[in-house]
Structure formats: structure tokens, C-alpha cells
Amino acid sequence: MRYERRATTPVTVGGVVIGGNAPIRVQTMTNTATDDVERSVEQCVRCAAAGAELVRLTAQGVRQAESIGMIRNELRKRGCNVPLVADIHFNRNAAYAAAALTDGVRINPGNFVDPARTFRSLEYTDEEYAHELERIHDGLLPFIKLCREHGTAVRLGVNHGSLSDRIMSRYGNTPAGMVESVMEFLRVFVAEQFDQVVISMKASNVVVMVEAVRRLVVAMDAEGMHFPLHLGVTEAGFGEDGRIKSAVGIGSLLYDGLGDTIRVSLSEEPECEIPVAQMLVNKVDTMSRAVDCVAEPYDGFDPIAPSHRPVVYPAAWNVKGPVVIAKCRPEDIESGTLPDFFVTDDVRVVDGVHRFIVPAEQWNDTMPLCYPIFDLRADRERLVGCAAPLVFVKMNADSKPTRYYYDVLRSQPNAVIVMQCNGGASSLMQQGNIHSLTRGGVTAPVILHNYYVPDSVDSLQVAAGADMGSVLLKGLAEGVWLEAFKVSKNDCVRYAFAILQAARLRTTQTEFISCPGCGRTLFDLQTTVKQVKAATAAFTHLKIAVMGCIVNGPGEMADADYGYVGAGPGRVSLYKGKTLIDRDIPTEVAIDRLLALINANE
């Protein structure tokens, strides 16, 4: 396994180059009202000072597009040259205006030519579908002409849940549908010889987002396209959950060499997104200097939508889903879900109630729910034939497995491998070794044991999310053990469970899908997210969306069980799935009504 960045066509947005030999660019989006030129200018200045290399602003109509032009002019007067990108939904006239006034224009293939989605199932003959493609071609030509004339770059931004009724009727709300939605537009841009296009494929579901990007790259390669990619997990949420979720999704793709610009979408001030994105870029810089791990993928491995590697669990495994291991005692965990296994060097704390892992030399078969851990290199002779129901076996990710290791591990039906690494670029080593072990016929479960010395809690969340997430999303591990210098055991356990949840492998808390806010947001988003989280935290099996506006809310919360969506100033609409249940509720009573809706249906 090795890091190698995908070659792409350079695209210039203002004075900033995306793709080609340019570094990975970091961007964000304002949450001010675009017509409030003064506040938007001030926020753009703060974002640029924080390190944003591009800033996006919403343009609901022509007036807002013109406001972006005014914001751009004022920024230039102040010596701030950060490029501005207009974000367009539904309104082609706004896109035309923005093409003449801004550095870039983002359009959504799901609603630029096609009418607003109604979630209706439509039927098309092949001839009718071909006619629809002609309509897309004709609808894009004026926009392409304007962008060419003004040197304006384009971002084609596809969001899971905002696909057109036409695409959904033929492909469903799937990664394949997302890919076809953007490919229809790209073929027009290619035919018109316009290559200043960046593509984004976003979803709040990390697994969907990652698969969609991988599928897009295969589709573009098949047609000789090399457009750069913008990466992001949309509606990632707030606080540590948003950081971990973004790191799992964006980091996994960056490690695969995909991605030329990124945004971390948090329900916080846009300036808060920049340091998180920069941490991910720095992780990739480390990855690019890593030593290659020479390993072929195991037979049958699907790099686009990986299934889980072949595993034979020991009879005593007895856990549904991947496990969490922690070196601590049960009383160290102040809140949340307890780890599945506790590691200790003191056998006196073994209580017969919780499952413990102890040093092999201290283990004996009279200890209930207690299992030995061996070092594969130092203890392999004692390991062979150990009769414990579970035998944990440590091996270093930096050490390539040998044939002798394969023989030992294959001979132990009760073995569980603990793959150790110390952050850095060892994630690639972990992946390579797991592939090698699987190719060698080793079917024992694998635990990722990562240790970090972080600069901050945020950097730990990002590093662990990217490192462990990149392995988990490829179906290569069956558990995680996260440790960090000067970070509490309780926090490490919580982050470990959050990583598994972000990868959609194990749910232990309510999942909140919340947008980052923009000029369309119709209520105090950050305060509302905190209030909804506090009110609904007990519903650990649910996904609950908090969306700032009606434009994207119903579609982009497609993965949520319930939705709290801005409907107008001081008004909210409630959804169960995609079904509108209660319209235009005053915000003062909306959370109570949301709770009543959930309680009536759960």
C-alpha cells in the first residue's frame, strides 16, 4: 500500500489553482446573509485570516449574486484576495449573474436544469431519457458561455438526497445515481471543451460519500476525464462528532490519493472549520512521505464498495459488531458505553463481570471472563496451543508478516490480532499487513491499536478518525483500541465509539445530522443544534437532522429518521423521513413537538 495522489487537470479559481501540482486547498462557507454585505465582508476577512483559501456564499437569487460581487470588490479594496464562489440552487438566472461577478459558481446537477424534486417515481422510455439529456445540454450552454467569457470556474456539487426525480427514478438515491447525475453534466462540459470544473460528491452518510467519490473516479477514468475533486461530509454536525465524522470520510479518500480541495462542514462559525481541514491536509503530507508497504489486496477485495474481509470469529467473541478495547477499569468510564474489553496489568481488578485482557504470564484458566495477550514475536512458542477461549496477539504494523506468523495464527482458532501502530503513516502499514494476512489464509479478527501524542484534543479526533476510519471503511478490521498521551481513558473510549459510528459499523449514540448554516439559515442554528441534541440524546438508535432552510433540508437529510427544518423566520417544519408531518411551527414550541412526534412513533 502506498500514497499516490491522483493526477488532475488544474482549475484556477480567482488566483488559486486547484488540482494539478497545487497543494490540497482548504475552503469554507459563510453563514451570514449574503445581502448583508458588511457582515459578509467581515466574515470573509476572518476566514481568510484563519487560512481559508476559498470562501463560498449562498446566492438564492440575482440580488444575492450581485451582493457577492459587491463583497468581492470590498475585499479587494481591503487587500483580501480570497476567491469567492457563489452557491446556486434552482435559480439559473442567479448562476448567470454570478458567472459575471464572482470567481467561481457552484451549481447542483440535481436542480440546475431539472425542476425541483418532488420525490415522485417517474417512468422514461430510452427515447424520452435521451430527450432529457438534450435538454440538459441546451440548458448548460448559456452558463458555460458566460463562464468562459469571464474566466469563471465551475463546481458541480452533487448531494445525496438532492438528486433529481429523473435520476432517482432510474438509479435510486444511490452512489451510482450521484455519479450519473454529475457525469451527464461533465459530458456537456467536455463536448464544449470547458475544463475549468471541480466536482464534489457529498453526503451526511460517510459510507455513501466515500463510495460515490470512488465510483466517480472510475467513471471519469473510463471516459478520459481528470477533473479535480472537492471533498466534504455534508451536515457533519457539531463538536467532536462533526470533527470525527469529517475525518473518517475525508481522510479515507485523501489517504487513497483522492481530493484536491476540502471543506469540513461544522455547525459552528466557519472560521472553526479551517484548523480541522488543515489538520487533515497535514496528515496527508505525512502520508506522502511514508515508506511503501508492499502488499497486494486479498483476492476478491472490492476497492470501490468493500465488503468485510473473510473472518472466522472465535466462539467466545460474543459481540455484535466491531469491538472497542481500552486500557482502563470500568470505573474510569464516567459516561457513555463501556468498552467490550478492559486491558490491565493488575489481575486483582478482574471482577468476573466485565471482560479483561491481562499479560500472558499472569493469566490462568481459573479467571472468569479473562484472556491473555501475547507478543507474536516474543511469545510465539507459549502462544501455540494456549487453551484460553480468546487469545490476543500483538503484532507491530511496521513489521511485515512472515510465513511463520501465518502458520502460528492459522493454528490458533481462538486468536485475535492486535495490530499496533503509533499514528503517523502507519495506517497504510496496517492496511497492507491485513491484506497480506488475509491473502495468507489468516481469518482471525483484527483490532487496530493506535497510540498518539497529540497537540490537542481536536488533532487526536482528526488523526484517529482519518487513520482508523480509512482501515474500517475498507472492511479490514474488527475493532479499535485508541490510546493517547495525556488524554483521559474516558475520552479515548468515547472517540473510539464515535469513529465506529461514523463508519456506520456500530451505533451507540443518537446521530445528529446538522448543516453548517449559510445565508439561507432561518434560525439560530448553533443554539438550536445544542438544544435538539440535549432533548433527544436518549434516542440512541435514531438519526435526527437539524437543517437551516427548506432549500436543501428535505433532500439532504435523506438519511435521517426525523428532521427539524427551517421553514421561514421563526418557523420550523418537522419531518419523519422525507414525509412532512407538521408545517410552520413556531420555534418556541418546535422542540416539544419534535419530541412528541418521536415518542408517538418509537
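Residues numbered from 1 in each chain as written. Predicted model: local features only at pLDDT ≥ 70, side-chain atom pairs only at ≥ 80, totals over all residues. Heavy atoms only, no water.

Novice: Explain the overall build of the chain to me, using residue names and the numbers behind them.
Specialist: Scanning the chain for helices and strands turns up 17 helices and 23 strands. A globule of 602 residues ought to have a C-alpha radius of gyration of about 25 Å, and the chain, at 25 Å, matches this closely. Across its three principal axes, the chain shows a C-alpha extent of roughly 75 × 55 × 55 Å. When each of the 602 residues of the chain is scored for burial, the buried share is 59%. The contacts in the chain between residues at least 6 apart in sequence include a share of 68% that link residues at least 24 apart. Of the accessible surface of the chain, which amounts to about 22600 Å², a share of 50% is contributed by carbon and sulfur atoms. Positive and negative side-chain charges of the chain, numbering 60 and 71 respectively, have mean locations separated by a distance of 1 Å. (Helix = DSSP H or I, 4+ residues; strand = E, 2+ residues; numbered from the N terminus. Rg over C-alpha atoms; globule rule 2.2 N^0.38 Å. Buried < 20%, exposed > 50% of the residue type's maximum accessible area, 1.4 Å probe, protein only. Contact = heavy atoms within 4.5 Å. Areas by Shrake-Rupley, 256 points an atom, 1.4 Å probe, with all protein chains shown as cover. Lys, Arg positive; Asp, Glu negative; His and termini not counted. Charge placed at Lys NZ, Arg CZ, Asp CG, Glu CD.)

Novice: Describe helix α2 (residues 62–77), with residues and values.
Specialist: Between its terminal C-alpha atoms α2 stretches 23 Å, which fits the 22 Å expected from 16 residues at 1.5 Å a residue. Of all the residues in α2, the buried ones are Q64, A65, S67, I68, G69, I71 and L75. Where α2 is buried, its residues contact α1 (37–50), β4 (54–58), β5 (84–87) and α3 (92–101). Just past α2, the residue G79 takes up positive phi, approximately 80°. (Expected span 1.5 Å × (residues − 1).)

Novice: Provide a residue-level description of the packing of aromatic side chains, including the pertinent values.
Specialist: Counted by the stated rule, this structure contains seven aromatic pairs. Each ring, one from Y298 and one from F301, has its centre 5.6 Å from the other, and the planes form 65°; the classification is edge-to-face. The pair Y298 / F301 is uniform in exposure class, with both members buried. With 6.1 Å between their ring centres and 70° between their planes, F341 and Y371 make a pair best called edge-to-face. With F341 in strand β12 (residues 341–343) and Y371 in strand β14 (residues 370–375), this residue pair connects regions lying 30 residues apart in the sequence. An identical accessibility class is assigned to F341 and Y371; each is buried. (Phe/Tyr/Trp six-rings, centres within 6.5 Å; stacked < 30°, edge-to-face > 60°.)

Novice: Pulling in residues and values, what's your account of the pattern of salt bridges?
Specialist: What the rule picks out here adds up to 40 salt bridges. For the salt bridge of K145 with E149, the shortest nitrogen-to-oxygen distance reads 2.7 Å. A residue pair is termed a helical-turn pair when its members lie 3 or 4 positions apart in one helix, as K145 and E149 do in helix α4 (residues 126–150) at four residues. With respect to burial, K145 and E149 carry one shared label: exposed. (Salt bridge = Lys/Arg side-chain N within 4 Å of Asp/Glu carboxyl O.)

Novice: Account for helix α6 (residues 175–191), with residues named and values stated.
Specialist: A rise of 1.5 Å per residue sets the reference length of α6, with its 17 residues, at 24 Å; its end C-alpha atoms lie 24 Å apart and thus fit the reference within 8%. When you tally the buried positions in α6, you get 13 out of 17 residues, the bulk of the element. Following α6 by one or two positions, Q193 adopts a phi angle in the positive range, close to 55°.

Novice: I'd like a rundown of the state of the cysteines, residues and numbers included.
Specialist: As enumerated under the stated definition, the model contains zero disulfides in all. Note on C80: no disulfide assigned, nearest cysteine sulfur contributed by C44 at a separation of 7.2 Å. Residue classification places C80 among the buried positions, given a relative accessible area of 12%. Looking at C147, it has no disulfide partner, and the nearest cysteine sulfur is the one in C44, 20 Å off. Classification of C147 by relative accessible area gives buried; the value is 1%. (Disulfide = S-S within 2.5 Å.)

Novice: Can you tell me about the sheet that holds strand β15 (residues 391–396), naming the residues and giving the values?
Specialist: Strands sit in the order β11-β12-β13-β14-β15-β16-β17-β18 around a closed barrel of eight strands; the barrel is parallel. If you compare each strand with its neighbour and ignore which way they point, the axes differ by 25° on average. As paired elements, β14 and β15 share three bridges and run parallel to each other. Bridge pairing in β15 places F374 opposite V393. On the sheet, helix α13 (residues 457–472) packs against β17 (446–452) and β18 (479–484) and is oriented at approximately 160° with respect to β17. (Pairing = 2+ DSSP bridges. Axes fitted to C-alpha atoms, helices over the stretch in contact; angles between N-to-C directions.)

Novice: Go over the nonpolar core with me, naming the residues and quoting the values.
Specialist: By size, the foremost hydrophobic cluster in this structure holds 152 residues, and its most contacted members are I107, L140, F143, L186, I199, M201 and I262. Broken down by element, this core gets its largest block of residues, ten residues, from helix α7 (residues 206–222). Of all hydrophobic cores here, the second largest spans 18 residues; its members include F512, L525, F539 and V546. (Core = buried A, V, L, I, M, F, W, Y, C linked by side-chain atoms within 4.5 Å.)

Novice: Summarise the sheet that holds β5; cite the residues concerned and give the values.
Specialist: Reading around the barrel, the eight strands line up as β3-β4-β5-β6-β7-β8-β9-β10 and close back on themselves, with parallel pairing between neighbours. Where strand β3 (residues 25–29) lies against β4, three bridges are found, and the strand directions are parallel. Looking across to β4, one finds that Q27 is bridged to L54. Packing against the sheet, α1 makes contact with β3, β4 and β5, and its axis sits at approximately 155° to β4.

Novice: I'd like to hear about the pairing of β14, residue by residue, with values.
Specialist: Summarising burial for β14: five of the six residues are buried, a large majority. As paired strands, strand β13 (residues 356–359) and β14 are joined by four bridges and run parallel to one another. When the sheet's bridge partners are listed, P359 is paired in β14 with I373.

Novice: I'd love a proper account of the pairing of strand β22 (residues 571–576), names of residues and values included.
Specialist: As defined by bridge partners, strand β21 (residues 562–568) adjoins β22 across six bridges and the pair is classed as antiparallel. Following the sheet pairing, Y564 is matched in β22 by L574. In this structure, the hairpin formed by β21 and β22 is closed by a connection of two residues, where G570 is found at a positive phi of approximately 70°. Once β22 ends, the chain turns through two residues before running back antiparallel as strand β23 (residues 579–586), passing G577 with a positive phi of about 60°.

Novice: Give a description of the packing of helix α8 (residues 239–255) against helix α14 (residues 489–502) that names residues and reports values.
Specialist: One can describe the packing of α8 onto α14 by two numbers: an axis separation of 9 Å at closest approach and a directional angle of 50°. By the angle between their directions, the pair α8 and α14 is classed as oblique. In the crossing of α8 with α14, the sense of the turn from one axis to the other is right-handed. Of the residues in α14, those in contact with E240, D241, I244, K245 and V248 of α8 are R494, Y495, A498, I499 and A502. Looking at the contact of α8 with α14 residue by residue, the class counts come to six nonpolar, no polar and four charged. (Parallel < 35°, antiparallel > 145°, perpendicular 65-115°, else oblique. Left-handed = near helix turned anticlockwise from the far one by under 90°. Nonpolar A, V, L, I, M, F, W, Y, C, P; charged D, E, K, R; others polar.)

Novice: Which residues make up unusual backbone geometry, and what values go with them?
Specialist: Positioned with a positive phi, Q193 is a non-glycine residue whose angle comes to about 55°. Position of Q193 among the secondary structure elements: in the loop between α6 and β8 (197–202). When its relative accessible area of 69% is taken as the criterion, Q193 is described as exposed. For R504, which is not glycine, the phi dihedral falls at a positive 60°. With respect to the secondary-structure elements, R504 resides in the loop between α14 and β19 (511–514). The exposure class assigned to R504 is partly exposed, which follows from its relative accessible area of 27%.

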